[in-house]
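# Observations on chain architecture
Below, each chain spelled out in residue letters.
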Amino acid sequence: MITTYEDQLFTLREFTGRILHELRFGVHRLGYKQLLLLIPCYTLDDNQSFTKELYPYVADYFGYSTWHPIEHTVRDAILNAWANRDPAVWEQYFPDMQKPPSNKQFIATIAEQLKNTPPI
């Protein structure tokens, strides 16, 4: 049983990494590392504002003075993964999607998947 916020975050990061790998995200990309923090944080509290709470928190964690680079590198990582995607795998998470998801769509969709994954 997972008891602390830190334990939940660690477990969610592990599951997030598996999903990102499955979706062909390059682990060398900075956006990948940021998504490993963004998605679990959003999973634990999906009422957060992206631009007022979530991105600034991650920006601070990575040592940025503003959240704009976070938004940009995450977008870049999503576009890169989309360009190298296996359509059958992406279809499992994003049915009938004809263009890359926005940052918010991507994070919210993967967070929803994590919420439905035991033991969280």
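Sequence positions are assigned chain by chain, starting from 1 and proceeding in written order. Local features in a predicted model are, by the rule used here, given only for residues with pLDDT of at least 70; side-chain atom pairs are given and counted only at 80 or more, and totals for whole chains, interfaces and linings are based on all residues. For side-chain calculations, the full set of non-hydrogen atoms in the structure is used, while hydrogens and water are omitted.

## Remarks on the overall build of the protein chain
As a reminder, the rule being used: A helix here means a DSSP run of H or I that spans at least four residues, while a strand means a run of E at least two residues long, and both kinds are numbered starting from the N terminus. This radius of gyration counts C-alpha atoms alone. The globule rule is 2.2 Å times how many residues there are, raised to the power 0.38. Exposure categories follow from relative accessible area, calculated using a 1.4 Å probe and restricted to protein chains: below 20% of the type maximum is buried, above 50% is exposed, and the middle band is partly exposed. Here a residue-residue contact requires only that any non-hydrogen atoms of the pair lie within 4.5 Å.
Secondary structure summary: the protein chain contains 6 helices and 0 strands in total. The N-to-C order of helical and strand elements in the protein chain reads α-α-α-α-α-α. For the protein chain, whose C-alpha radius of gyration is 14 Å, the value lies close to the compact-globule estimate of 14 Å for 120 residues. Along the first, second and third principal axes, the C-alpha atoms of the protein chain reach 35 × 35 × 25 Å. Counting all 120 residues of the protein chain, 42% fall into the buried class. At a minimum sequence separation of 6, the contacts of the protein chain that also span at least 24 residues come to 61%.

## What to know about the packing of aromatic side chains
Definition in use: Only Phe, Tyr and Trp rings take part, Trp by its six-membered ring, and two of them pair if their centres are within 6.5 Å. Stacked means planes under 30 degrees apart, edge-to-face means over 60, and tilted covers everything else.
Under the defined criterion, the tally for this structure stands at 10 aromatic pairs. Taken together, a centroid distance of 5.7 Å and an interplanar angle of 80 degrees make the contact between Phe50 and Tyr55 edge-to-face. Taking the relative accessible area as the measure of exposure, Tyr55 reaches 2% and is therefore buried. Ring pairs connect the aromatic residues Phe25, Trp82, Trp90, Phe94 and Phe106, which therefore count as one cluster.

## Notes on the nonpolar core
Worth spelling out the cut-off: We define the nonpolar core as a collection of buried residues of types Ala, Val, Leu, Ile, Met, Phe, Trp, Tyr and Cys that are connected through side-chain atoms lying within 4.5 Å of one another.
Membership of the largest hydrophobic core comes to 35 residues, with the highest contact counts inside it found for Leu23, Phe25, Leu35, Leu38, Phe106 and Ile110. For this core, the elements supplying multiple residues, two or more each, are α1 (5-22), α2 (30-44), α3 (50-61), α4 (68-83), α5 (87-93) and α6 (103-115). Residues contacting Leu38, with those up to four places away along its chain left out, are Leu54, Tyr55, Val58, Ile70, Val74 and Ile107.

## Quick notes on the confidence of the model for the protein chain
Note the following rule: The quantity called pLDDT is the predictor's confidence in a given residue, expressed from 0 to 100.
Residues with a pLDDT of 70 or more make up 92% of the protein chain, whose mean pLDDT is 90. Within the protein chain, α1 has the poorest average pLDDT of any element, 84, and α4 the best, 97.

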